[in-house]
Amino acid sequence: MEAPQCPKCGRPVTRVVDVPYGWWEWTGEAYETRTAATRVDVAPWVHLDCMGELRSFHPQNPVTPDTVLA
């Protein structure tokens, strides 16, 4: 069975992280804060490949061929 597709980048969600409040990223000269949240009521899970929020996702939910992340 395939992993569900990320609604932001379209790639399979094979790795997720619990970093909704943000992270620091090196820009070449300094660190800048980044966030995966697009609103205040932040999603708890983030697609590691594109850092897009996965609002309807939880890694303990069963995955079926019909699973769609929105």
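This structure is a prediction, so every number in the text was calculated from the model and none was measured.

S.K.: How would you explain the pairing of strand 2 (residues 23-26) if you had to name every residue and give the values?
M.R.: Sheet topology places strand 2 next to strand 3 (residues 31-34); four bridges connect them, and they run antiparallel. Paired with Trp 24 across the two strands is Thr 33, which belongs to strand 3. The turn joining strand 2 and strand 3, which pair antiparallel and follow one another in sequence, is formed by four residues; a positive phi near 110 degrees is taken by Gly 28.

S.K.: If you had to explain unusual backbone geometry to someone new, which residues and values would you point to?
M.R.: As a rule of thumb, non-glycine residues mostly have phi less than zero, and peptide bonds are mostly trans rather than cis. Backbone geometry at Met 51 places phi at a positive 60 degrees, although glycine is not the residue there. Among the structural elements, Met 51 can be located in the segment after strand 4 (46-47). Assessed through its relative accessible area of 17%, Met 51 is described here as buried.

S.K.: So what's going on with the environment of Tyr 31? Residues and values would help.
M.R.: Structurally, Tyr 31 can be placed in strand 3. Each C-alpha atom of the pair Tyr 31 and Gly 52 lies 20 Å from the other, and the pair is 21 residues apart in sequence. When near neighbours in sequence (up to four residues on either side) are disregarded, Tyr 31 contacts Trp 24, Glu 25 and Trp 26.

S.K.: So, the nonpolar core: which residues are in play, and what are the values?
M.R.: Of all hydrophobic cores here, the largest spans seven residues; its members are Cys 6, Val 13, Trp 45, Cys 50, Leu 54, Phe 57 and Leu 69. Residues contacting Cys 6, with those up to four places away along its chain left out, are Arg 11, Val 13, His 47, Cys 50 and Leu 54.

S.K.: A description of the pattern of salt bridges should follow, citing residues and the corresponding values.
M.R.: If you walk through the whole model with that rule in mind, you get four salt bridges. Arg 34 serves as the salt-bridge partner of Glu 25, at 3.8 Å between the closest nitrogen and oxygen. Among the residues examined, Glu 25 registers a relative accessible area of 34% and is labelled partly exposed. The partly exposed category is assigned to Arg 34, whose relative accessible area is 28%. Between Glu 53 and Arg 55 there is a salt bridge, and its shortest N-O distance comes to 3.0 Å.

Cut-off values and rules
- Residues numbered from 1 in each chain as written.
- Predicted model: local features only at pLDDT ≥ 70, side-chain atom pairs only at ≥ 80, totals over all residues.
- Heavy atoms only, no water.
- Pairing = 2+ DSSP bridges.
- Helix = DSSP H or I, 4+ residues; strand = E, 2+ residues; numbered from the N terminus.
- Buried < 20%, exposed > 50% of the residue type's maximum accessible area, 1.4 Å probe, protein only.
- Contact = heavy atoms within 4.5 Å.
- Core = buried A, V, L, I, M, F, W, Y, C linked by side-chain atoms within 4.5 Å.
- Salt bridge = Lys/Arg side-chain N within 4 Å of Asp/Glu carboxyl O.

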